[in-house]
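Here is what each chain is made of, one letter per residue.
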Amino acid sequence: MEDLKLNSVQFIDWADRYLNGELTIDETTSFEKLLGSNQSMFQKIEEHQLLIDAMALYENRQKVKTQIQSIHNQYEAELNEAAFRQSNESKIINKVREIRPFKIYLAAASVAVVVTLSIISGYNLFQTKVANTGYKALKRDLDKIKKSQKAIIKNFNATPSKEESTTERYGGTGFALTSNGLIVTSYHLINGNDSIFIENSKVGRYKVIEVYSNSDADISILKIVDVNFESFGSLPYTFSNKDNDLGENVYTLGFPREDIVYGEGSISANTGFDGDTTAYQISIPVNPGNSGGPLVDEKGNVIGLISGKQTENEGAAFAIKSNCIMQSVDALKNDTSFSKLNINKKNLLKGLPRVKQLKKLQDFVFVVKVYNKNQ
């Protein structure tokens, strides 16, 4: 077969047939040869796959919402009927109190169903969110092809050692969870990779492994495995378990570039992307590389973990609330190796000027470098 030549309309038709396995063997060979010779077309077919997955996710999500609404409507009808039959006001109130926990459970269950449906064709929750609705996870992508196409991305200067993988894929941020070598970061940053290092100017460079992950909350906990590591020293901050107020001043530290970068703003919404109650929306400019960085209030409490931003609005970023971090800590304690895990309860940042807070805090914030031996 001669070399395949397609215009833009023909390419879309061939791409659909290719992804659906409808091409003949000869057609498949010619089409793959065309993709291999044209990087832009190869990228277009990846984008086309993302579009197909996004459409499938949207269709499934709409079905789930309809089912959930039907359940709520049915239960509300039963509640109204029960209330009508009872003449005593106190009995009605007791009935409502009995129903409320079930409704909360139902809402939580509905979220879990939606999350499950979002894992389509091998894409994780956050990849699908990016394709579907303008949510952008904030890991620095260091693939060689994408580095040449996106000027915002910078490679790291450090040269991998023999123990490290040959290809550095992503960069982001993490911060100390405990003084004995536990670090918390974003799940989407380290997912699917087999070699991870953390470093900053204070502690140097250490290899870490993942010891706990929660993909739904986008949280991972890492542990330093270097025998020469002793301690980070006493952490100067604490973790808040309560929701902070709308308009509160907050700030973050992260690694969207080689040097640590400070950003400040305020809590602009008590929910995250698409009404997510486990996250805040914040008015802090963030960029690829900020993923996994701490969100800190004026008193020096860590109140969240930076996760992503809205692509349509550069001023809208999102942070997972710190109570989700604490839930991950509680889950990790179920492992006997971490049953005595202790979280710092003494805040050394409270009352300090911002500049002095930053000087203490930055020693416990790290660049996270992610590698893959198979690429």
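Let us now look at the overall build of the protein chain. For the protein chain, the helix and strand inventory stands at nine helices and 15 strands. Going through the 375 residues of the protein chain one by one, you find that 43% of them count as buried. Look at the contacts in the protein chain between residues 6 or more apart in sequence, and 68% of them connect residues 24 or more apart. Carbon and sulfur atoms provide 50% of the accessible area of the protein chain, an area that totals close to 20100 Å².

Here the focus is the environment of Ile-209. Structurally, Ile-209 is set in strand 6 (residues 204-214). Each C-alpha atom, one on Ile-209 and one on Ser-195, is 7.6 Å from the other, the two residues being 14 residues apart in sequence. Once you skip the residues sitting within four places of it in the chain, Ile-209 turns out to touch Ile-221, Leu-222, Lys-223 and Val-225.

For the structure shown, the criterion picks out nine aromatic pairs. A ring pair is formed by Phe-232 and Phe-366, whose centres lie 5.1 Å apart and whose planes are at 35 degrees; its orientation type is tilted. A residue pair is termed long-range when its members are at least 10 positions apart, and Phe-232 in the loop between strand 7 (219-224) and strand 8 (238-239) and Phe-366 in strand 15 (residues 365-372) qualify at 134 residues. We note that Phe-232, like Phe-366, is buried. Arranged with centres 5.8 Å apart and planes meeting at 50 degrees, the rings of Tyr-251 and Tyr-262 form a pair that is tilted. You can see Tyr-251 sitting in strand 9 (residues 249-254) and its partner Tyr-262 sitting in strand 10 (residues 261-269), a full 11 residues away along the chain. Assessed through its relative accessible area of 32%, Tyr-262 is described here as partly exposed. Three or more aromatic residues joined by ring pairs make a cluster, and in this case those are Phe-175, Tyr-237, Phe-239 and Phe-364. Over the ring of Tyr-280 we find Lys-321, and its NZ or CZ is 5.0 Å from the ring centre.

Here the focus is the pairing of strand 4 (residues 182-185). Along strand 4, one buried face is formed by Leu-182 and Val-184 and the opposite face, lined by Ile-183 and Thr-185, is buried too. Where strand 4 meets strand 7, four bridges bridge the pair, whose relative direction is antiparallel. Considered in strand 7, the bridge of Val-184 is made with Ile-221.

A separate point is the nonpolar core. Among the nonpolar cores identified, the biggest contains 50 residues, and Phe-175, Leu-177, Phe-232, Tyr-237, Phe-239 and Ile-325 are the most heavily contacted of them. The contacts of Tyr-237, once residues within four sequence positions are left out, are Phe-175, Ala-176, Gly-300, Val-302, Asn-344, Lys-346, Asn-347, Leu-349, Leu-361 and Phe-364.

Considering every residue of the protein chain, the mean pLDDT works out to 77; 72% of them sit at 70 or more. The low-confidence segment residues 99-130 (pLDDT under 50) makes 43 contacts with residues lying over four places distant or belonging to another chain. For the stretch residues 162-166, pLDDT sits under 50, and the model shows 15 contacts to residues farther than four places along the chain or on other chains.

This paragraph deals with the pattern of salt bridges. Note that side chains of opposite charge can pair when their charged atoms are close. Under the criterion given, the structure shown has nine salt bridges. Arg-17 is paired through a salt bridge with Glu-27; the nearest N and O atoms lie 3.1 Å apart. With Arg-17 in helix 1 (residues 8-19) and Glu-27 in helix 2 (residues 25-37), the pair connects residues that are 10 residues apart, well separated along the chain. For Lys-369, the salt bridge identified is with Glu-199, shortest N-O distance 3.3 Å. Taken together, the residues span a long stretch of sequence, with Lys-369 in strand 15 and Glu-199 in strand 5 (residues 195-200) at a distance of 170 residues. One continuous salt-bridge network, built from bridges that share partners, spans Asp-13, Arg-17 and Glu-27.

Across the interface, helix 1 lies against helix 2 with an axial gap of 11 Å and an inter-helix angle of 120 degrees. Overall, the two elements helix 1 and helix 2 adopt an arrangement that is oblique. The two elements helix 1 and helix 2 cross, and the hand of that crossing is left-handed. Listed contacts from helix 2 to Phe-11, Trp-14, Ala-15, Arg-17 and Tyr-18 of helix 1 are Glu-27, Thr-28, Phe-31, Glu-32 and Leu-35. Taken together, the residues of the contact of helix 1 with helix 2 break down into six nonpolar, one polar and three charged.

Looking now at the pairing of strand 7. Walk down a regular strand and you will see the side chains alternate between the two sheet faces. In terms of burial, strand 7 is a largely internal element, five of the six residues being buried. As paired elements, strand 6 and strand 7 share six bridges and run antiparallel to each other. When the bridges of strand 7 are listed, Val-208 appears paired with Ile-224. Taking the residues between adjacent antiparallel strands as the criterion, strand 6 and strand 7 are bridged by four residues, where Asp-218 takes a positive phi near 60 degrees.

With that settled, consider unusual backbone geometry. The backbone of Asp-218 sits at a positive phi, close to 60 degrees, despite the residue not being glycine. Residue placement: Asp-218 occurs in the loop between strand 6 and strand 7. A relative accessible area of 0% means that Asp-218 is categorised as buried. Phi at Asp-274 takes a positive value of approximately 60 degrees, unusual for a residue other than glycine. Residue position: Asp-274 is located in the loop between strand 10 and strand 11 (279-282). Overall, Asp-274 belongs to the exposed group, its relative accessible area being 51%.

Conventions adopted
Residues numbered from 1 in each chain as written. Predicted model: local features only at pLDDT ≥ 70, side-chain atom pairs only at ≥ 80, totals over all residues. Heavy atoms only, no water. Helix = DSSP H or I, 4+ residues; strand = E, 2+ residues; numbered from the N terminus. Buried < 20%, exposed > 50% of the residue type's maximum accessible area, 1.4 Å probe, protein only. Contact = heavy atoms within 4.5 Å. Areas by Shrake-Rupley, 256 points an atom, 1.4 Å probe, with all protein chains shown as cover. Phe/Tyr/Trp six-rings, centres within 6.5 Å; stacked < 30°, edge-to-face > 60°. Lys NZ or Arg CZ within 6 Å of the ring centre and 35° of its normal. Pairing = 2+ DSSP bridges. Core = buried A, V, L, I, M, F, W, Y, C linked by side-chain atoms within 4.5 Å. pLDDT = per-residue confidence, 0-100. Salt bridge = Lys/Arg side-chain N within 4 Å of Asp/Glu carboxyl O. Axes fitted to C-alpha atoms, helices over the stretch in contact; angles between N-to-C directions. Parallel < 35°, antiparallel > 145°, perpendicular 65-115°, else oblique. Left-handed = near helix turned anticlockwise from the far one by under 90°. Nonpolar A, V, L, I, M, F, W, Y, C, P; charged D, E, K, R; others polar.

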